Amino acid sequence: MSTSGPSAAPIPLHIVGEPPAPPAPHVLGTSAAPGRQADPTVRPGAVDWTALGVEPRWKDQETGDCAAIFSPVRGPATGLESYKRFATGARQRGETALVVACIGAGERSHNVFSGTVAPGIHLPHYYGSISANPLPDRVIPEVADGLDHAEHDLGTRLLNRPPDTWFRLTYLKERSARPGAARMWPPPGEGELRPILVDGLGDQVAGVWMPKGGHARWFVVPHGTDQRLLMEWLVQHALPAYVPGALTRARSPLLRDPAFATDAEARLVETIAEEQAAHERRQSELKQQLAELRAVADPLRDRLLFGTGHPLEDAVHDVLVAAGATVTRLDDVYGTKSADLLAEYGGRRVLVEVKSANNRAAQSLPDKLLKHLNTWPGLTGTEPVDGGVLVVNHQIKLPPAQRDSEVYADRAFADALPVPVIGSARLFDWWRRDDWDAVLDAVFGDIGVAQAPAIAVPDADPKASGRPGLLSRLRR
């Protein structure tokens, strides 16, 4: 996107470092080497300053009127004249001193206190510095909460950078002199490093440093980030948000005064804002509904796929209840003398034994259910049952996708069993798809289900969740 217009002037930006070497001139009458093309006007990987509407100011060029500083290798040297003139100019104009600084480039050091440390960034005056500790490979950051529009846009752009080293950022403030010693003068400055991206442990991997009073913003990002990506964000998002005066001076179309908008423009801007607000409200509602569903589904999903003992029994109980069966926990009545559950549906009654196995299920597990079926008539207060079913969570040590689809892979053995055996992962699959008929048929046999199990009024909007009645079923 070009930021220049018919009457726009380029926006001066100070780029820390030497200007890039110009391409080698093409001599008339010569041709490029075989397989190579002549250098284009804008080389791959280079920033097209004209298209961005930017006038780059390099080393030894005026910086007092620059809108921002971009430091692609490490933070700008705040003691040099170029930064001092930039900061003085911003202060006189009453503007924010905007800096985009890359961190971590250069030789790393190691000590017993901080571990491995990459080159950090020195902040101006007596505000201290920002250190960079390299993080392990395959760190997956996420956008922090509470960001404004420009910060959020930068965070999402950084998430799309090629896999590279991320750094844990730490704000190191200047320390006052020890008690009894001469005090530091001027005293240390007060500032804050706020997160833009955080890793899985909540540590900052990209952030924005601001001194007290907010007269400066230093955006700190990992070195190696695509310069074009950063420059486009700086011109199109950061300057309008934090240094709009620079765009006004350049008469940039990126900054438009609403007071001079046409009625049609104003109406469309208002419509866009209303639709965006409505979208955000609807998205918030959907996220809340999803959170409610997951609050119920997560525990049951975990117990069915990884549970053992009573947690696994409770999960099987909840699934059968969700399918419409009446279920009694027999351990509460008979202890270990009987099966784990008694399930009733459609006039049929079955015992349910629940087991788990770290690896493949032992072939002796069905014997435990057969024993309970034999001893059931002798227990006090029991009524006849129509059979039993064994539920097994097998191969728990493996990820669910790598487990055998059947509890017993030996088909001859499985076909000879006098009782049905169901994997808890299979039960989970039926449950997550609301396939209650499959659950009932597997547990009670072909009982000719005449009607679906009663469904209470759902707690969440069925159209939004796509899972009518899930919360109500599981809470019965």
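Cut-off values and rules
- Residues numbered from 1 in each chain as written.
- Predicted model: local features only at pLDDT ≥ 70, side-chain atom pairs only at ≥ 80, totals over all residues.
- Heavy atoms only, no water.
- Helix = DSSP H or I, 4+ residues; strand = E, 2+ residues; numbered from the N terminus.
- Buried < 20%, exposed > 50% of the residue type's maximum accessible area, 1.4 Å probe, protein only.
- Contact = heavy atoms within 4.5 Å.
- Areas by Shrake-Rupley, 256 points an atom, 1.4 Å probe, with all protein chains shown as cover.
- Pairing = 2+ DSSP bridges.
- Axes fitted to C-alpha atoms, helices over the stretch in contact; angles between N-to-C directions.
- Expected span 1.5 Å × (residues − 1).
- Bend = angle between axes of the 7 residues up to and from the residue.
- Core = buried A, V, L, I, M, F, W, Y, C linked by side-chain atoms within 4.5 Å.
- Polar contact = N/O pair within 3.5 Å; in protein donor to acceptor, adjacent residues only side chain to side chain.
- Salt bridge = Lys/Arg side-chain N within 4 Å of Asp/Glu carboxyl O.

Chemist: Account for the overall build of the protein chain, naming residues and giving values.
Modeler: Scanning the protein chain from terminus to terminus reveals 14 helices and 17 strands. The burial tally for the protein chain puts 42% of its 476 residues in the buried class. Sequence separation of 24 or more characterises 65% of the internal contacts of the protein chain that already satisfy a separation of 6 or more. Only carbon and sulfur atoms are counted for the fraction: they give 52% of the accessible area of the protein chain, which is about 26,700 Å².

Chemist: Let's hear about the sheet that holds strand S9 (residues 167-172): which residues, and what values?
Modeler: Strand order in the open sheet formed by four strands is S5-S6-S7-S9, with antiparallel pairing between adjacent strands. Each edge of the sheet is formed by a strand with only one pairing partner; in this case those strands are strand S5 (109-111) and S9. With direction set aside, neighbouring strand axes in the sheet form an average angle of 40 degrees. Bridging between strand S6 (residues 115-122) and strand S7 (residues 129-134) involves three bridges; their strand directions are antiparallel. The partner of Ala 118 across the bridge, within S7, is Ala 132.

Chemist: Explain helix H6 (residues 263-306) residue by residue, including any values.
Modeler: With 44 residues, H6 should reach 64 Å at 1.5 Å per residue; the first-to-last C-alpha distance of 61 Å fits that figure. At Ala 297, H6 shows its maximal kink, close to 35 degrees; a proline, Pro 299, follows between one and four residues later. Taken residue by residue, H6 has Gln 289, Leu 293, Val 296, Ala 297, Leu 300, Leu 304 and Leu 305 as its buried positions.

Chemist: I'd like a rundown of the sheet that holds strand S15 (residues 348-356), residues and numbers included.
Modeler: With respect to topology, five strands assemble into an open sheet ordered S13-S14-S15-S16-S17, the strand pairing being mixed. In this open sheet, the two strands that pair with only one neighbour each are strand S13 (326-329) and strand S17 (421-423). Along the sheet, successive strands turn relative to each other by an average axial angle of 25 degrees, direction set aside.

Chemist: So what's going on with the nonpolar core? Which residues, and what values?
Modeler: Within soluble globular proteins, side chains that are nonpolar tend to cluster in buried spots. By size, the foremost hydrophobic cluster in this structure holds 44 residues, and its most contacted members are Leu 13, Leu 98, Phe 219, Met 231, Leu 234 and Leu 239. For this core, the element with the most residues is helix H4 (residues 227-242), which contributes nine residues. The residues contacting Leu 239, other than those within four sequence positions of it, are Ile 11, Leu 13, Ala 67, Ala 68, Leu 98, Leu 234, Pro 244 and Leu 247.

Chemist: Would you mind going over helix H3 (residues 149-159) in detail, with residue names and values included?
Modeler: Residues of H3 that are buried: Ala 150, Glu 151, Asp 153, Leu 154, Gly 155, Arg 157 and Leu 158. The inward-facing, buried residues of H3 contact strand S8 (142-143), strand S10 (191-198), strand S11 (204-211), strand S12 (216-222) and H4. Where H3 begins, the side chain of Asp 148 points an oxygen toward the backbone nitrogen of Ala 150, at a separation of 3.2 Å.

Chemist: So what's going on with the pattern of salt bridges? Residues and values would help.
Modeler: Scanning the model with the defined rule gives 24 salt bridges in all. Close ionic contact of Asp 65 with Arg 57 constitutes a salt bridge, the shortest N to O distance being 2.8 Å. For Asp 65, a relative accessible area of 34% puts it in the partly exposed group. Of the charged contacts in the structure, one is a salt bridge between Arg 157 and Glu 232, with a shortest N-O distance of 3.9 Å. Taken together, the residues Arg 157 in helix H3 and Glu 232 in helix H4 connect sequence positions 75 residues apart. Within this structure, Asp 429, Arg 432, Arg 433 and Asp 435 form a network of salt bridges that share partners.

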